[in-house]
2 protein chains.
Amino acid sequence: MASASIPSNPADLLRAAGIKVTPGRVRVLQALHGARQPLCHGEMEAQLGVDGEAAMDRVTLYRILDSLVACGLALKAVDTRGVFRFSAAGAQRQHANHIHFRCTDCGGVFCLKAEPPPPPTLPEGFRLRRAEFDVCGTCDRCSGDTTPLVPR
Amino acid sequence: MASASIPSNPADLLRAAGIKVTPGRVRVLQALHGARQPLCHGEMEAQLGVDGEAAMDRVTLYRILDSLVACGLALKAVDTRGVFRFSAAGAQRQHANHIHFRCTDCGGVFCLKAEPPPPPTLPEGFRLRRAEFDVCGTCDRCSGDTTPLVPR
DNA sequence: CCACAAATGCAACAATGTTGCGTTTGTGGC
DNA sequence: GCCACAAACGCAACATTGTTGCATTTGTGG
Ligand SMILES: [Mn+2]
Ligand SMILES: [Mn+2]
Ligand SMILES: [Zn+2]
Ligand SMILES: [Zn+2]
C-alpha cells in the first residue's frame, strides 16, 4: 500500500507545504506535534534542548515558527499572560467540534463536551477570520488547594 | 436629594473601593471611563498627555492600572498582539448583553446585535472565571482597500 | 554538480512590563 | 488643623519577549 495520501511525517509536511526542509524546521514541527498543549517560545527552546541536540538560535526559532504559521502548518495564538503560543495545525482539526477550557493557574487546556457556538452574522463589509469561545478559570486540581501545578 | 447611592465620579469610586485617592488615579480612572475601547499602556500615556497635564511616570501608570484592577475598578485583558488592555469595570456592564467584533487591522471594537453564548457546564471541581466569545476579522473599512487605518 | 534564493547565526535593537529603593503624600486618629 | 505612618510615587536599572540588519551557510531545482 504505497498510497500518496495525507503526509504525516514532518519532512513530508514541509515539502507538501512548499517550504524548504531544514533540520530546524523538522525538529520544531516534531516538537509541536508531540506537544499536548500550545507551546510558547521559551518552552520550545527547552523542549528542543532535551533531545541532546545542539540548542537552536533564538531568532532562528522565532523565524521557523513564523514560517510554519505562514505556510499553515502551525497556529499562533496569544495566552492570558500576553505570550504567543504555537501549535501544530493538524492537531487543531481533531478539536474543531468542541470547545476548550483553559486553566489560568496551571495553563492546562481541557476538552469540554459542548459544541462551539455558531459564528454571529456580521454587518455589511465585515469579514470574519476567527470566532473562538474563550472559556477560562481554574481546573479541579488548581481550584481545590492553593498550590498551582506550574507556578511560574 | 442627597442620596448615598452608587458613586459615579472617579474620586468617589476610589474612596468606595477603599484605596487612596491620588491625582494620578483620578486621571487614569477618568481616562478609562472616557475611552470607547480598552486602552493599552501606551495609548493611556498618550491620552493623559493631551490634557496639557504633566506626563505621568511609566512605572507609576503601570502601578495605578494594577491597583485599579486589584480593587475591581478596572479590567485587564490581553489583545491579539499580546498587549494588555485596560477598561473601566463599570463600562463593561453596558456591553454585557451583546458580543463584540474586533478588527485585527485597525484594532477597532464593534458592538454586534447577537447575544453572548451561554457558558458551558464544566466538569466537577472546575471553576469558571470568564467565558468570552472572541470574534475577530476585518471591519468594513479595512476589508475593502488594502490600507488599514492604523498601520502600526 | 552549480547557482542562487532561502534559511541561519549573531549582534544589536525595540516594545512591554517589573523590581528596588529613597522620597513624597494621602489619610485616620488626635 | 497636625502628626505619624503606610501607601503611593519617581527614577534607575533590569527582565522578558519579540524584531531587524547583515554576512554566511545550505537546500533545491535544473
Ligand atoms: Mn479538544
Ligand atoms: Mn458593546
Ligand atoms: Zn489548572
Ligand atoms: Zn478595521
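A. Summary view of the overall build of chain A. When helices and strands are counted, chain A shows 6 helices and 6 strands. What you see in chain A, going N to C, is helices and strands ordered as α-α-β-α-α-β-β-α-β-β-β-α. Put simply, 45% of the contacts in chain A that link residues at least 6 apart link residues at least 24 apart. For chain A, the exposed surface amounts to about 9300 Å²; the carbon and sulfur share of it is 53%.

B. Here's a closer look at the protein's contact with DNA strand C. In the vicinity of DNA strand C lie 20 residues, with Thr22(A), Arg25(A), Arg63(A), Val21(B) and Arg58(B) positioned nearest. The sugar and phosphate moieties of DNA strand C supply 59% of its atoms located within 4 Å of the protein. The separation between a phosphate oxygen of DNA strand C and a polar side-chain atom of Arg25(A) is 2.7 Å. The contact in question runs from a phosphate oxygen of DNA strand C to an N or O atom on the backbone of Val21(B), over 2.8 Å. When contributions to the surface near DNA strand C are tallied by element, the ones reaching two or more residues are α4 (58-70) of chain A together with α4 (58-70) of chain B. Split into classes, the residues belonging to the surface near DNA strand C amount to 8 nonpolar, 3 polar and 9 charged.

C. Structural view of the protein's contact with DNA strand D. Near DNA strand D lie 19 residues; those nearest to it are Val21(A), Arg58(A), Thr22(B), Arg25(B) and Arg63(B). Counting only atoms of DNA strand D within 4 Å of the protein, the sugar-phosphate share comes to 60%. Within the backbone of Phe84(A), one N or O atom sits 2.9 Å away from a phosphate oxygen of DNA strand D. At 2.4 Å, a side-chain N or O of Arg63(B) approaches a base oxygen of DNA strand D. Elements supplying a minimum of two residues to the surface near DNA strand D: α4 of chain A together with α4 of chain B. Its residues placed into classes, the surface near DNA strand D shows 8 nonpolar, 3 polar and 8 charged.

D. Spotlight on the relation of the copies chain B and chain A. For these two chains of identical sequence, chain B goes onto chain A by a turn of 179° and a shift of 0.0 Å along the axis, with RMSD 0.4 Å. On this basis, the relationship between the two copies can be described by a two-fold rotation axis. Minimal C-alpha distance to the rotation axis in chain B is attained by Gly82(B), lying at 1.9 Å. Most of the interface of chain B is mirrored in chain A, where 100% of its interface residues again form contacts.

E. View of the packing of aromatic side chains. One pass over the full model with this rule turns up 4 aromatic pairs over all chains. Seen in terms of ring centroids, Phe133(A) and Phe133(B) are 6.0 Å apart; in terms of plane orientation they differ by 85°. Their pairing is edge-to-face. One end of the pair, Phe133(A), is in strand β6 (residues 127-138); the other, Phe133(B), is in strand β6 (residues 127-138), on a second chain. Joined through ring pairs, the aromatic side chains of Phe126(A), Phe101(B) and Phe110(B) make up one cluster.

Calculation notes
- Residues numbered from 1 in each chain as written.
- Chains lettered and ligands numbered in written order.
- Predicted model: local features only at pLDDT ≥ 70, side-chain atom pairs only at ≥ 80, totals over all residues.
- Heavy atoms only, no water.
- Helix = DSSP H or I, 4+ residues; strand = E, 2+ residues; numbered from the N terminus.
- Contact = heavy atoms within 4.5 Å.
- Areas by Shrake-Rupley, 256 points an atom, 1.4 Å probe, with all protein chains shown as cover.
- Near = heavy atom within 4 Å.
- Polar contact = N/O pair within 3.5 Å; in protein donor to acceptor, adjacent residues only side chain to side chain.
- Nonpolar A, V, L, I, M, F, W, Y, C, P; charged D, E, K, R; others polar.
- Least-squares fit on C-alpha atoms with pLDDT ≥ 70 in both.
- Phe/Tyr/Trp six-rings, centres within 6.5 Å; stacked < 30°, edge-to-face > 60°.

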